[in-house]
Amino acid sequence: MAQVQRMSRLMIKTLRDDPADAETLSHKLLVRAGYVRRTSAGIWSWLPLGKKVLENVARVVREEMDAIGGQEVLLPALLPREPYDASGRWDEYGDLLFRVKDRKGADYLLGPTHEEIFTQIVKDQCSSYKDLPVILYQIQTKYRDEARPRSGVLRGREFQMKDSYSFDTTDEGLVESYALHREAYQKIFARLGLDYRIVSAVSGAMGGSASEEFLAPAAAGEDTFVDCPACDYAANTEAVTFALAPVEGVEHGPVEELDTPDTPTIETLAEHLGVTASATLKNLLVKVDGEIVAVGVPGDREVDLGKLGEHLAPAVVELVTAEDFVGRADLVRGYVGPQGLDKVRYIADPRVAPGTAWITGANKADKHARNVVCGRDFEVDDYLDVVVVEEGDPCPVCGTGLKLDRAIEIGHIFQLGRKYADTFQLDVLGQNGKPVRVTMGSYGIGVSRAVAALAEQSADSQGLCWPREVAPADVHVVAAGKALQTELALDVSEKLGAAGVRVLVDDRAGVSPGVKFTDSELIGVPQILVAGRRSAEGVLELKDRRTGEREELTVAEAVARLTA
Ligand code: ATP
Ligand code: MG
């Protein structure tokens, strides 16, 4: 017996107009269809239909986490400060953390994520290698004082997250726990009916699959990623690489000095010489741990300082200031060329390949040089991918022009290693009787965010349109209005319920058929069964919410169809 929810007894108020502050589709529709209500900025109440969808997502997540041997626990959201002091995150989180004091003035926080507390629990509960591996998870309310809480439940200050943590004694064990999560996530998002891509979250230089994000392509997404239209390559924009391809067999003339007065920028230079910016070599000076370093990229490309910083970490990268040029006759500001930089480390984008020729600074005021050839006139000390990726850049796998798309991050899996185990000295007794330091993984899914991501991907101009697995009901039975129609609607609803079909039945009196139909489209249950014109004959009309296809069926036929 599945639930038959009568709309005459359901607390629901649908809205005809979009809420004034809503920008994204999911925000508008979830509010208009009566799934959620804003309680405060980034803080949401889940109303009856919304709670059902949220629970359905949570159920799928639970089933797949249980299937990989995950054990569900529930840790507090209100946490003491000390463990977060130990990990350094009490300070690192800055304004993102909600901090509270108790009546005695002691510091607490509302948990943004729980690595510290899980590490402590396992330290308390597990003492031998025989107790591991272990995967623990919870579905719980998280708190983050996000700078821009917008887009409804997509980015809340209070939200539901499934967070899990794996504990292993060996690196191979961690890789295995990570792989289990990756597969579980693939099953979860497929069952939810979400279109998603898995992208490497960090650049190859930092070790490939140690961290991956699950992205749901959607216009409302706040993440940009690259997607190859020809193969299945997808990546975080920071992780895109460009293959170094030396050019051989091309003869270039000798370096030639050019008079280029008043051309301190690439634009003024290209205009003065009548060339495209891509023929020029731009040399950005930065300080790496205080030492001046030059970074060469084609003149039409931008340097991504974040990417550069990631490549050079833990070294600190800063921009140079006028003072850094004092006493450096070799550095002529605005006219730097790598052919004169003997004392400066030269980092270049792989597009500056051996054998390529460039127009670049001549290391003299108002002068540039032509035919400056990489490998002949200057050497590159390190090749690093440092340019901002652009639409049309070649796919590193197949060479096709890449597309830049927007997406919502719905999940994140991460091989943490021993960072938290080191902080809390989490050891277990190994096979040889000696203590072994435990290695960890941490894995998140935005459960409430997934509801919004699903709404974004599946809605159409009429309203929401849920995949059956997450829908608040399997079928929405609509009684057009007359007593006879209501009778038939309730009769078929009862039979469907008895057959295990979840029913939402619109039996509201005094509501026009037009409003009921509009509401059924807005609410987005995947099948709509109407007791209308032919009710006297016991015939109903079944409409597919997505395709709009209609079919006339008797009560028995409708029950058979919806239980198939
Ligand atoms: P984002 O970059 O979107 O802020 P994040 O990198 O901070 O996400 P994690 O710390 O990895 O996210 O959290 C795990 C998951 O929790 C994310 O993949 C996302 O689905 C969800 N999540 C994170 N922040 C929020 C939020 N403010 N509202 C709703 N869901 C969130
Ligand atoms: Mg965040």
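Note that the structure is predicted; figures quoted are calculated from it, not measured.

Procedures and definitions
- Residues numbered from 1 in each chain as written.
- Chains lettered and ligands numbered in written order.
- Predicted model: local features only at pLDDT ≥ 70, side-chain atom pairs only at ≥ 80, totals over all residues.
- Heavy atoms only, no water.
- Disulfide = S-S within 2.5 Å.
- Buried < 20%, exposed > 50% of the residue type's maximum accessible area, 1.4 Å probe, protein only.
- Salt bridge = Lys/Arg side-chain N within 4 Å of Asp/Glu carboxyl O.
- Helix = DSSP H or I, 4+ residues; strand = E, 2+ residues; numbered from the N terminus.
- Pairing = 2+ DSSP bridges.
- Axes fitted to C-alpha atoms, helices over the stretch in contact; angles between N-to-C directions.
- Contact = heavy atoms within 4.5 Å.
- Arc of directions from axis to C-beta.
- Polar contact = N/O pair within 3.5 Å; in protein donor to acceptor, adjacent residues only side chain to side chain.

**Q** So what's going on with the state of the cysteines? Residues and values would help.
**A** Disulfides are covalent bonds that link the sulfur atoms of two cysteine residues. In the structure shown here, the tally under the stated rule is zero disulfides. Unpaired in terms of disulfides, Cys 231 finds its nearest cysteine sulfur in Cys 395, a separation of 3.7 Å. Assessed through its relative accessible area of 24%, Cys 231 is described here as partly exposed. Residue Cys 398 stays outside any disulfide, its sulfur separated by 3.6 Å from that of Cys 228, the closest cysteine.

**Q** Outline the pattern of salt bridges, listing residues and values.
**A** Close approach of charged atoms allows side chains with opposite charge to pair. Under the counting rule described, the total for this entry stands at 50 salt bridges. In this structure, the salt-bridge partner of Asp 324 is Lys 287, at a minimum N-O distance of 3.3 Å. You can see Asp 324 sitting in the loop between strand E17 (317-319) and strand E18 (345-348) and its partner Lys 287 sitting in strand E15 (residues 281-288), a full 37 residues away along the chain. Judged by relative accessible area, Asp 324 falls into the buried class, the value being 18%. Accessibility expressed as a relative area gives 16% for Lys 287, which makes it buried. Between Asp 422 and Arg 437 there is a salt bridge, and its shortest N-O distance comes to 3.1 Å. Within this pair, whereas Asp 422 is found in helix H9 (residues 419-423), its partner Arg 437 is found in strand E24 (residues 435-437), the two being separated by 15 residues in sequence. The exposure class assigned to Asp 422 is partly exposed, which follows from its relative accessible area of 41%. It is possible to trace a salt-bridge network through shared partners that takes in Arg 59, Glu 63, Glu 64, Arg 191 and Glu 469.

**Q** How would you sum up the sheet that holds strand E26 (residues 475-479)? Please name residues and give values.
**A** Pairing is mixed across the open sheet formed by six strands, whose spatial order is E1-E27-E26-E28-E29-E30. Single-partner strands in this sheet number two, and they are strand E1 (4-6) and strand E30 (550-554). Ignoring strand direction, the axes of neighbouring strands in this sheet form an average angle of 25 degrees. Direction of pairing for strand E29 (residues 539-544) relative to E30: antiparallel, over a ladder of five bridges. Residue pairing in the sheet places Val 539 in a bridge with Thr 554 of E30. Running over the sheet, helix H11 (residues 483-498) touches E1, E26, strand E27 (503-506), strand E28 (527-531) and E29 and is turned about 160 degrees from E26.

**Q** Can you explain helix H8 (residues 305-312)? Please cite residues and give values.
**A** The periodicity of an α-helix, 3.6 residues per turn, causes residues three or four positions apart to be oriented the same way. Where H8 is concerned, the buried positions are Lys 307, Leu 308 and Leu 312. In a view along the axis of H8, the buried residues occupy a sector of 125 degrees, so they form one face of it. For H8, the secondary structure elements touched by its buried residues are E15, strand E16 (291-298), E17 and E18.

**Q** Talk me through the environment of Glu 183; I want residue IDs and the actual numbers.
**A** Examined against the element boundaries, Glu 183 turns out to sit in helix H6 (residues 171-192). Along the backbone, Glu 183 and Ile 68 are 115 residues apart, and their C-alpha atoms lie at a distance of 9.0 Å.

**Q** Account for the sheet that holds strand E5 (residues 78-80), naming residues and giving values.
**A** Spatially, the three strands line up as an open sheet ordered E5-E7-E6, and their pairing is antiparallel. Only two strands of the sheet have a single neighbouring strand rather than two, namely E5 and strand E6 (98-101). Within this sheet the neighbouring strands show an average axis-to-axis angle of 40 degrees, counted without direction. Two strands pair when backbone bridges link them, and E6 and strand E7 (residues 107-110) are joined in this way by four bridges, in the antiparallel orientation. Counted as the bridge partner of Phe 98 is Leu 110 from E7.

**Q** How would you summarise the environment of Arg 502 if you had to cite specific residues and measurements?
**A** Position of Arg 502 relative to the elements: it lies in the loop between H11 and E27. Residues Arg 502 and Ala 473, spaced 29 residues apart in sequence, show a C-alpha to C-alpha distance of 4.9 Å. Contacts of Arg 502, omitting those with residues within four sequence positions, involve Ala 2, Gln 3, Asn 56, Arg 468, Ala 471, Pro 472, Ala 473, Asp 474 and Val 475. Engagement of the side chain of Arg 502 in a polar contact is seen with the backbone oxygen of Arg 468, the distance being 3.3 Å. A polar contact of 2.9 Å, which involves the side chain of Arg 502, links it to the backbone oxygen of Ala 471.

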